[in-house]
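Structural description and commentary
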Amino acid sequence: MPVIACSFNTGWTCRHLLEEGPAVPVTLPHDAALAEPRTETAPGGTNTGWDEGYDYLYEKRFTPDAALQGQTLVLEFEGVYHNAEVWLNGEKLAFNPYGYTDFKVDLTGKLDFDAENVLQVIARNADQPNSRWYSGAGIYRDVTLHVLPKRHIPLDGVYVTTTHELESWAMTIDTELCGVKDNGVLTHVLLDGDVPVCDVTVEAAGDHANAVMQVLSPKL
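So, a few notes on the structure that sits alongside this text. (Residues numbered from 1 in each chain as written. Predicted model: local features only at pLDDT ≥ 70, side-chain atom pairs only at ≥ 80, totals over all residues. Heavy atoms only, no water.)

Quick look at the overall build of the protein
In plain terms, the rule: Secondary structure follows DSSP: runs of H or I at least 4 residues long count as helices, runs of E at least 2 residues long count as strands, and numbering of each begins at the N terminus. The quantity called the radius of gyration is restricted to C-alpha atoms. Its globule counterpart is 2.2 Å times the number of residues to the power 0.38. Throughout, exposure labels follow a simple rule: accessible area from a 1.4 Å probe, protein chains only, divided by the maximum for the residue type, with under 20% read as buried, over 50% as exposed, and the rest as partly exposed. Residue contacts are defined here by distance: any two heavy atoms, one from each residue, within 4.5 Å place the two residues in contact. The sign given to each residue is positive for Lys and Arg and negative for Asp and Glu; His and the chain ends receive no count. Charge positions are represented by NZ for Lys, CZ for Arg, CG for Asp and CD for Glu.
Within the protein, the secondary structure is distributed over zero helices and 15 strands. Its C-alpha atoms give the protein a radius of gyration of 22 Å, more than 25% over the compact-globule value 17 Å for 220 residues. Here the protein, with 220 residues, has 43% of them falling under the buried criterion. In the protein, the proportion of contacts linking residues at least 24 apart, taken out of those at least 6 apart, comes to 67%. Treating the 14 positive side-chain charges of the protein as one cloud and the 32 negative ones as another, the clouds have centres 3 Å apart.

Some remarks on the sheet that holds strand 5 (residues 72–77)
Our working definition: When DSSP locates at least two bridges between a pair of strands, those strands are taken to pair. Angular values range over 0 to 180 degrees, each being the angle between N-to-C directions of two axes fitted as lines to C-alpha atoms, with helices fitted over their stretch in contact.
An order of 1-10-5-8 is seen for the four strands of this open sheet, with the pairing classed as antiparallel. Of all strands in the sheet, those bounded by a partner on one side alone are strand 1 (4–7) and strand 8 (103–106). Neighbour-to-neighbour, the strand axes of the sheet open up by a mean angle of 25°, direction not taken into account. Relative to strand 10 (residues 143–148), strand 5 runs antiparallel, the two being bridged by six bridges. Looking at the pairing, Val-74 lines up with His-146 of strand 10.

Overview of a nonpolar patch on the surface
Rules: Two distance rules govern patches: like charges are joined within 9 Å, and nonpolar side chains (Val, Leu, Ile, Met, Phe, Trp, Tyr) within 5 Å, applied only to residues with over 30% relative accessible area and no salt bridge. Only the protein chains shown count as cover for residues, with accessible areas throughout obtained via the Shrake-Rupley method and a probe of 1.4 Å. A pair is scored as a salt bridge if a Lys or Arg side-chain nitrogen falls within 4 Å of a carboxyl oxygen belonging to Asp or Glu.
A cluster of nonpolar side chains, contributed by Ile-153, Val-158 and Val-160, occupies part of the molecular surface with about 220 Å² of accessible area. The residue Ile-153 is located in the loop between strand 10 and strand 11 (158–165) in this model.

What about the side chain of His-146?
Selection criterion: Polar contacts here mean pairs of N or O atoms no more than 3.5 Å apart (in protein, one a potential hydrogen donor and the other a potential acceptor; neighbouring residues in sequence count only if both atoms are side-chain atoms).
Counting through the fold element by element, His-146 comes out in strand 10. Of note is the side chain of His-146, whose polar atom sits 2.6 Å from the side chain of Glu-76. Not counting residues within four places of it along the chain, the set of residues in contact with His-146 comprises Ile-4, Ala-5, Thr-72, Leu-73, Val-74, Glu-76 and Leu-155.

Focus on the pattern of salt bridges
Within this structure, the stated rule accounts for eight salt bridges. Note that Lys-104 and Asp-102 form a salt bridge whose closest N and O atoms lie 2.9 Å from each other. By relative accessible area, Asp-102 is classed as partly exposed at 34%. Put simply, Lys-104 and Asp-156 hold a salt bridge, and the shortest N to O gap is 2.8 Å. Here Asp-156 lies in the loop between strand 10 and strand 11 and Lys-104 lies in strand 8, a separation of 52 residues in the sequence.

Looking at the layout of surface pockets
Where we set the bar: With a 1 Å grid spanning the protein atoms alone, the term cavity applies to any set of points in which a 1.4 Å probe fits but cannot get out, the term pocket to an open set with protein on both sides within 12 Å along at least five of seven lines, and the term lining residue to any residue with an atom within 4 Å of a point. Grid points are joined across faces, edges and corners, and a volume is the space filled by probe spheres set on the points. Residue polarity is assigned by list, with Asp, Glu, Lys and Arg as charged and Ala, Val, Leu, Ile, Met, Phe, Trp, Tyr, Cys and Pro as nonpolar; anything else, Gly included, falls into the polar class.
The calculated volume of the largest pocket comes to roughly 190 Å³. Lining the largest pocket, in full, are Cys-14, Arg-15, His-16, Pro-22, Val-24, Val-26, His-30, Ala-32, Ala-35, Glu-36 and Tyr-56. For the lining of the largest pocket, the secondary structure elements donating two or more residues are strand 2 (12–16) and strand 3 (24–26). A total of three residues in the lining of the largest pocket trace back to one element, the largest contributor, which is strand 2. Considered class by class, the residues forming the lining of the largest pocket number seven nonpolar, two polar and two charged. In terms of lining, the second largest pocket is formed by Leu-190, Leu-191, Asp-192, Val-197, Val-215, Leu-216, Ser-217, Pro-218 and Lys-219.

Things to note about the nonpolar core
Heads up, the rule is: Residues grouped as a nonpolar core are buried Ala, Val, Leu, Ile, Met, Phe, Trp, Tyr and Cys residues, joined through side-chain atoms within 4.5 Å.
In terms of nonpolar packing, the biggest core is built from 32 residues, with Trp-12, Tyr-58, Leu-75, Phe-77 and Ile-139 touching the most fellow members. Those elements that provide at least two residues to this core are strand 2, strand 4 (56–62), strand 5, strand 6 (84–88), strand 8, strand 9 (117–123) and strand 10. For Ile-139, the residues in contact, after removing those within four places along its chain, are Trp-12, Leu-28, Pro-29, His-30, Tyr-58, Phe-77, Gly-79, Val-80 and Val-121. Counting residues in hydrophobic clusters, the runner-up holds 13 residues, among them Ile-173, Leu-177, Leu-186 and Ala-209.

Re the sheet that holds strand 3
Across the sheet, which stays open at both edges, the six strands sit in the order 3-2-4-9-6-7 with antiparallel pairing between neighbours. The sheet is open, and its two borders are formed by strand 3 and strand 7 (91–96), each paired with just one other strand. Across the sheet, the axes of successive neighbouring strands diverge by a mean angle of 25°, strand direction being ignored.

Below is the structure:
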């Protein structure tokens, strides 16, 4: 089956982490700081837009589609500000110690397909001042659920380097592989728009495949 990317932006709630107040329904991307008052005593001052800074708890409850059983399920967070923790059904699955980087969480084998699951994300912004500019707070970029077959190339799993001599360029391609037990073949194709320029096929086994593609007179 092909890789399927499903938006995971709806059905969330958000509230202050250490307060028992009601959670507010939100749709991602969401900047939690926009709802906060601005005060002259904010530690970040003008740099952070007079935002006092709070820690937030995001929560999403869902029952997975039974058709997803047996697939590799990876949740991608494009941006959470900051020091994000990801919990599923009371188990901590990930920590991302920064506010501006994309990170991924493997949900494979973690979901309960017969009951409601509780996904929680903690976004910390109370450690003020922590920025030289207005950063916002919370899950401020998209969240996507990637559905991959057992045998697949992981997200961001292809690495390309190039060397060149005169009119000939060599592309070295290192590809990560998951779920590959038997030998097979892996084909790389270089396109100019939709037009194939050249290709190379190599044997694929284990968790890596390495290939070198020669490109003559490439467009710079």
